Amino acid sequence: MLMVMFRQVVKPFVTLFSQVKIGLTLCIILFSSPLWAELTIEISESYDNAIPIAIVPFGFETAVLPAVAEKNPPPLSQAQAPLDLAQVISADLRRSGQFKPLLPSAMPSQPHNIEQVEFRQWRPLDIDNMLIGKLVDQGNGFYQVDMRFMDVLRKKQVLGKRWNQVPKENLRQIAHQISDLIYEELTGIRGAFNTQIAYVTMRKKGKKRHYTLEVADSDGFNAQAILKSTQPIMSPSWSPDGKKLAYVSFENGRSEVFIQSLDGQYRHKVASFKGINSAPAWSPDGKKLALTLSKDGSADVYIMDVKTRKLKRLTKKWSIETEAIWAPNGKSLFFNSDRRGQPQVFQVFLDTLEIRRVSFEGRYNANPEISPNGRYLAMVHGQGGFNIGLLDLYTDEFNVLTDTFLDESPSFSPNGEMILYAMNRNGKGQLAVVAIDGNTSQILRVKDGEVREPAWGPFLTE
Amino acid sequence: MVQFKKIFAIAAMASLAACSSPPERYTSSDAEVMEDTAPGIQGYEDSGTEGSGVEVLPLNRNGQNQGMGSAQDMGGDPMNDFEEAETFEPVIYFGLDQYELDDEKTKVVKYFAQEMLNNERLTVKIKGHTDERGTPEYNLALGERRAKSVAEAMMLFGVAESRIEVISYGEEMPEEAGSNEAAWQKNRRAELEIR
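Values in this document were obtained by computation on a predicted structure and should not be read as measured data. (Residues numbered from 1 in each chain as written. Chains lettered and ligands numbered in written order. Predicted model: local features only at pLDDT ≥ 70, side-chain atom pairs only at ≥ 80, totals over all residues. Heavy atoms only, no water.)

Visitor: Explain the overall build of chain B here, please?
Guide: When you go through chain B residue by residue, the secondary structure sums to four helices and four strands. Taking as baseline every contact in chain B between residues at least 6 positions apart, the subset at least 24 positions apart corresponds to 70%. In the form shown here, chain B has an accessible surface area of approximately 10,700 Å², with 54% of it arising from carbon and sulfur atoms. (Helix = DSSP H or I, 4+ residues; strand = E, 2+ residues; numbered from the N terminus. Contact = heavy atoms within 4.5 Å. Areas by Shrake-Rupley, 256 points an atom, 1.4 Å probe, with all protein chains shown as cover.)

Here it is as structure tokens:
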């Protein structure tokens with residue numbers, strides 16, 4: 001069966017110029033896709049018992065008939081392929097910490113078709129599962145991708161899929177989809193490789209700071225700027241459908257909340273009240289936005305109906321209430337309040353407006369983030385330093401997951417397995433990823449600047 | 001200036017036209033989402049980017065609104081003449097997680113409040129900042145607390161509320177880069193921009 005399924009590429013196509021009141025430079029970048037800041041990944045730890053797996057380099061063939069040629073074209077080599085899919089898939093699986101892909105140089109053979117696989121070659125290498133596949137040039141920049149995932153023990157194919165007419169620039173996404181399929185097959189958990197992350201970079205040119213809001217694939221590739229400004233950008237928050245970002249921009253000299261569609265269709269300023277306008281968080285149904293506003297005095301949490309822009313005040317307190325997020329069922333919100341002196345996490349129930357304290361461990365717990373299944377609450381835990389803590393809401397068990405410096409802005413992968421967060425290393429803001437059991441971690445950094453305020457996007461459904 | 005704007009507008013349209021072929025994969029479901037903004041709702045201002053989707057970008061006026069610059073630009077040299085009245089830099093520094101004004105800080109506020117009372121035409125922007133520790137959104141609120149406590153003191157000294165603007169930058173605009181106590185101390189501040 002032939003299947004064409006590739007994810008929509010977030011490739012905005014118009015340039016919008018934004019009128020700004022006091023003459024600050026701001027420009028929404030919505031054309032082409034220059035690589036603003038390739039994030040590079042460094043894996044610091046992985047599991048001792050990572051599963052060996054063989055991701056065999058894909059074959060590369062052409063389906064294009066030699067036009068006028070009488071002679072046969074020279075056989076294509078993998079080096080000519082537009083993308084080394086196996087390399088992308090191996091990197092994904094290795095990054096999860098749960099797999100140990102075999103180096104191609106250590107492979108006894110490199111089959112591309114099932115008939116070529118000699119299972120007995122792979123058993124001595126402890127390989128229980130292997131991926132083979134090929135890439136076929138269909139002409140005009142389109143490709144066919146064919147993958148077969150094999151159970152070496154049972155000597156049979158457990159997964160097979162073919163994508164047709166895939167544009168060259170989508171091949172990387174197909175590779176991530178293959179990683180997702182393998183991950184789910186072997187762990188039972190949906191893979192989150194074919195997802196995107198948003199984050200803010202800051203570069204200094206002389207005394208001036210340049211901020212960019214970027215969206216990249218979960219492995220840091222395909223970074224695209226969607227907003228550039230000389231004033232700070234904060235708090236990107238993905239809409240549940242993955243098509244919009246809400247964020248805070250200081251482009252008009254102070255904090256205001258905007259919603260921008262990633263396809264460049266629109267950008268709205270939704271909160272520009274007196275005082276601070278910050279911490280946007282989408283409700284699970286995408287219809288409401290929790291916000292922190294101080295228009296009525298101190299910072300409090302409000303809920304805005306995105307369509308009508310009507311506001312409802314959720315907290316009323318002299319203290320700071322901010323960083324609200326929605327429980328996955330939409331019935332309560334978690335937020336940070338310093339009503340007890342220092343920031344702690346509280347929960348407010350929408351039906352009764354009853355408020356309860358949630359975090360008790362340590363003197364500082366802020367910026368809660370809830371796992372997609374509602375079980376875990378990640379937060380910034382201050383106890384001397386600042387690290388990411390994880391509270392199990394079922395058992396009340398609390399663990400500190402990270403040991404980096406000035407950790408903040410935790411964000412769950414959409415499958416709940418990993419937490420992306422910001423930290424500081426060598427005086428520079430960088431991103432890191434940690435598994436929720438704390439057993440594996442990676443660092444993502446930009447070459448020539450700082451990166452912070454990460455937000456992991458949702459699953460992209462077709 | 002008007003001509004420049006026109007040129008920019010034309011350039012903007014040209015660049016729009018240049019890349020106006022919409023990607024076919026998008027057209028489906030995006031339009032319906034939140035197209036209807038409800039202008040006129042209290043407190044909401046149009047961002048100016050909807051509708052045609054194109055707006056003119058004014059020329060960047062370098063340096064404006066870039067904060068106070070370094071404090072050394074201001075004031076004279078207080079060391080060499082004891083006869084002169086005490087002068088202050090228009091910055092008030094705070095302790096970790098602190099936002100209240102002690103006598104020392106109040107003295108600084110009083111000095112600038114007096115300057116404002118002496119010249120009715122002056123207005124003040126009070127910019128609250130924090131160090132990088134703690135979460136950015138909490139720090140945005142903490143920076144506002146600092147700026148507000150300065151604003152409240154100014155009002156106590158007789159400056160009309162209408163002449164005071166409070167802005168928080170949280171941890172976003174440190175005066176000094178670096179992740180050490182010396183830098184953090186300089187970054188926990190409220191800056192007074194009187195003009």
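Structure's up, so let's keep going.
Visitor: Help me out: how do you make sense of the overall build of chain A in this one?
Guide: Check the secondary structure of chain A and you find three helices and 33 strands. Taken over 462 residues, chain A has a buried fraction of 60%. For chain A, the proportion of contacts with a sequence separation of at least 24, taken over those separated by at least 6, is 46%. Accessible surface, chain A as shown: approximately 18,000 Å² in total, 51% of it carbon and sulfur. (Buried < 20%, exposed > 50% of the residue type's maximum accessible area, 1.4 Å probe, protein only.)

Visitor: Would you mind showing me how to read empty space enclosed by the protein here?
Guide: The gaps of empty space that remain are located by a probe, the size of a water molecule, rolled over the atoms. All names here are of chain A. For the structure shown, the criterion picks out three cavities of 30 Å³ or more. Lining the largest cavity are 13 residues, with R95, S96, F193, M418 and W456 sitting closest to its centre. For the lining of the largest cavity, the two domains that each supply at least three residues are domain 1 (16-32 + 195-456) and domain 2 (47-187). (1 Å grid on protein atoms, 1.4 Å probe; cavity = no way out; pocket = protein on both sides within 12 Å on 5 of 7 lines; lining within 4 Å. Points joined across faces, edges and corners; volume = space filled by probe spheres on them. Domains from an automatic or database assignment.)

Visitor: What is the right way to read the sheet that holds strand β23 (residues 344-349) of chain A from this model?
Guide: Each strand in a sheet pairs with its neighbour through backbone hydrogen bonds, running either in the same direction (parallel) or in the opposite one (antiparallel). All names here are of chain A. Taken in spatial order, the four strands of this open sheet run β21-β22-β23-β24, and their pairing is antiparallel. Here the strands that pair on one side only, and so sit at the sheet edges, are β21 (321-326) and β24 (355-357). Across the sheet, the mean angle separating the axes of adjacent strands is 30° when strand polarity is ignored. In terms of strand pairing, strand β22 (residues 332-337) meets β23 through six bridges, oriented antiparallel. Within the sheet, the bridge partner assigned to L333 lies in β23 and is V348. (Pairing = 2+ DSSP bridges. Axes fitted to C-alpha atoms, helices over the stretch in contact; angles between N-to-C directions.)

Visitor: What is the right way to look at the sheet that holds strand β19 (residues 300-305) of chain A in this model?
Guide: Residues and elements named next belong to chain A. Taken in spatial order, the four strands of this open sheet run β17-β18-β19-β20, and their pairing is antiparallel. Each end of this open sheet is capped by a strand with a single partner; those strands are β17 (277-282) and β20 (311-313). This sheet shows a mean twist of 30° between the axes of neighbouring strands, independent of strand direction. Summarising the sheet, β19 and β20 pair through three bridges and their orientation is antiparallel. In the sheet register, I303 faces β20, and the bridge partner there is K312.

Visitor: Sorry, what's going on with the packing of helix α2 (residues 103-118) of chain B against helix α3 (residues 136-156) of chain B here?
Guide: Any two packed helices are characterised by how steeply their axes cross, that is the angle between the axes, and by the distance between the axes. Residue and element names in this part refer to chain B. Contact geometry of α2 with α3 gives a least axis separation of 9 Å together with a crossing angle of 55°. In this view, α2 runs oblique relative to α3, as classed from their interaxial angle. Helix-helix and strand crossings are classified by hand; for α2 and α3 the assignment is right-handed. Contacts between α2 and α3 involve V109, F112, A113 and M116 from the first element and V150, A153 and M154 from the second. Its residues assigned to classes, the contact of α2 with α3 shows seven nonpolar, no polar and no charged. (Parallel < 35°, antiparallel > 145°, perpendicular 65-115°, else oblique. Left-handed = near helix turned anticlockwise from the far one by under 90°. Nonpolar A, V, L, I, M, F, W, Y, C, P; charged D, E, K, R; others polar.)

Visitor: What's the story with the packing of aromatic side chains in this structure? I'm lost.
Guide: Think of a pair of aromatic rings as described by two things: how far the centres are apart, and how the planes are tilted against each other in angle. Residue and element names in this part refer to chain A. According to the stated counting rule, one finds ten aromatic pairs over all chains in the structure shown. Ring centres of F60 and Y143 lie 6.5 Å apart, and the angle between their planes is 35°; this geometry places the pair in the tilted category. Of this pair, F60 sits in strand β5 (residues 59-62) while Y143 sits in strand β8 (residues 142-151); the two residues are 83 residues apart in sequence, bridging distant segments of the chain. Between F335 and F346, the ring centres sit 6.1 Å apart and the planes meet at 25°, which makes this aromatic pair stacked. Residue F335 is found in strand β22, and its partner F346 is found in strand β23; the two are separated by eleven residues along the sequence. On the basis of relative accessibility, which here comes to 2%, the residue F346 falls in the buried class. Here the aromatic residues F99, Y183 and F193 are joined through ring pairs into a cluster of three or more. In this structure, R267 packs its charged tip against the face of F258, placed 4.1 Å from the ring centre. Cation over ring: R339 sits above F346, and NZ or CZ is 5.0 Å from the ring centre. (Phe/Tyr/Trp six-rings, centres within 6.5 Å; stacked < 30°, edge-to-face > 60°. Lys NZ or Arg CZ within 6 Å of the ring centre and 35° of its normal.)

Visitor: Sorry if this is basic, but what is going on with unusual backbone geometry here?
Guide: Among all residues save glycine, negative phi is the norm, and among peptide bonds the norm is trans. Residues and elements named next belong to chain A. Notably, N140 is not glycine yet its phi reads approximately 55°, a positive angle. In this fold, N140 is placed in the loop between β7 (129-139) and β8. You will see that N222, though not glycine, has its phi angle at about 55°, which is positive. Structurally, the position occupied by N222 is in the loop between β11 (208-217) and β12 (224-229). Judged by its relative accessible area of 29%, N222 falls in the partly exposed class.

Visitor: Would you take a moment to explain the pattern of salt bridges for this structure?
Guide: Any two side chains of opposite charge can pair, so long as their charged atoms come close to each other. The full count for this structure, using the stated rule, is 30 salt bridges over all chains. Close ionic contact of K127 of chain B with E193 of chain B constitutes a salt bridge, the shortest N to O distance being 2.9 Å. Here K127 of chain B, found in strand β2 (residues 124-129), pairs with E193 of chain B, found in strand β4 (residues 189-194); they are 66 residues apart in sequence, far enough to count as distant. The class of E193 of chain B is buried, set by a relative accessible area of 7%. Through salt bridges with shared partners, a single ionic network connects K295, D296, D300 and R313 of chain A. (Salt bridge = Lys/Arg side-chain N within 4 Å of Asp/Glu carboxyl O.)

Visitor: Explain the environment of G275 of chain A here, please?
Guide: Within the element layout of this structure, G275 of chain A appears in the loop between β16 (267-271) and β17. In the structure, G275 of chain A is positioned 23 residues away from S298 of chain A in sequence and 8.8 Å away in space, judged by C-alpha atoms.

Visitor: Looking at this structure, I do not really get the environment of Y364 of chain A. What am I missing?
Guide: Mapping Y364 of chain A onto the fold places it in strand β25 (residues 364-370). Along the backbone, Y364 of chain A and N336 of chain A are 28 residues apart, and their C-alpha atoms lie at a distance of 9.8 Å. In contact with Y364 of chain A, not counting residues within four places along its chain, are Q342, P343, Q344, V380, H381, G382 and F386 of chain A together with G134, T135 and Y138 of chain B. Among the polar contacts made by the side chain of Y364 of chain A, one reaches the main-chain amide nitrogen of T135 of chain B at a distance of 3.1 Å. (Polar contact = N/O pair within 3.5 Å; in protein donor to acceptor, adjacent residues only side chain to side chain.)

Visitor: Where do I start with the layout of surface pockets in this structure?
Guide: In this structure, the largest pocket occupies an estimated 1,000 Å³ of space. Along the wall of the largest pocket there are 40 residues; nearest its centre are S237, W238, W282, E369 and W456 of chain A. For the lining of the largest pocket, the secondary-structure elements that each account for two or more residues are β13 (233-238), β17, β21, β25, β29 (405-412) and β33 (450-456) of chain A together with α3 of chain B. Within the lining of the largest pocket, the residues separate by chemical class into 24 nonpolar, eleven polar and five charged. In this structure, the second largest pocket encloses a volume near 530 Å³. Forming the boundary of the second largest pocket are 30 residues, of which M202, N424 and E450 of chain A together with E132 and P174 of chain B lie nearest the centre. Those elements giving two or more residues to the lining of the second largest pocket turn out to be β10 (196-205), β11, β29, β30 (418-425), β31 (428-435) and β33 of chain A. Counted by class, the lining of the second largest pocket contains eight nonpolar, nine polar and 13 charged residues.

Visitor: When you look at helix α3 (residues 171-187) of chain A in this model, what are you seeing that I'm missing?
Guide: Within an α-helix, residues lying three or four positions from one another point in the same direction, as the helix has 3.6 residues per turn. Residues and elements named next belong to chain A. With 17 residues, α3 should reach 24 Å at 1.5 Å per residue; the first-to-last C-alpha distance of 24 Å fits that figure. Counting buried residues along α3, twelve of its 17 residues qualify, which places the element largely inside the surrounding structure. Residues of α3 that are buried: L171, R172, Q173, I174, A175, H176, Q177, I178, S179, D180, I182 and Y183. Downstream of α3 by a residue or two, G188 has a phi angle that is positive, lying close to 80°. (Expected span 1.5 Å × (residues − 1).)

No statement about biological role is implied by the geometric values presented.
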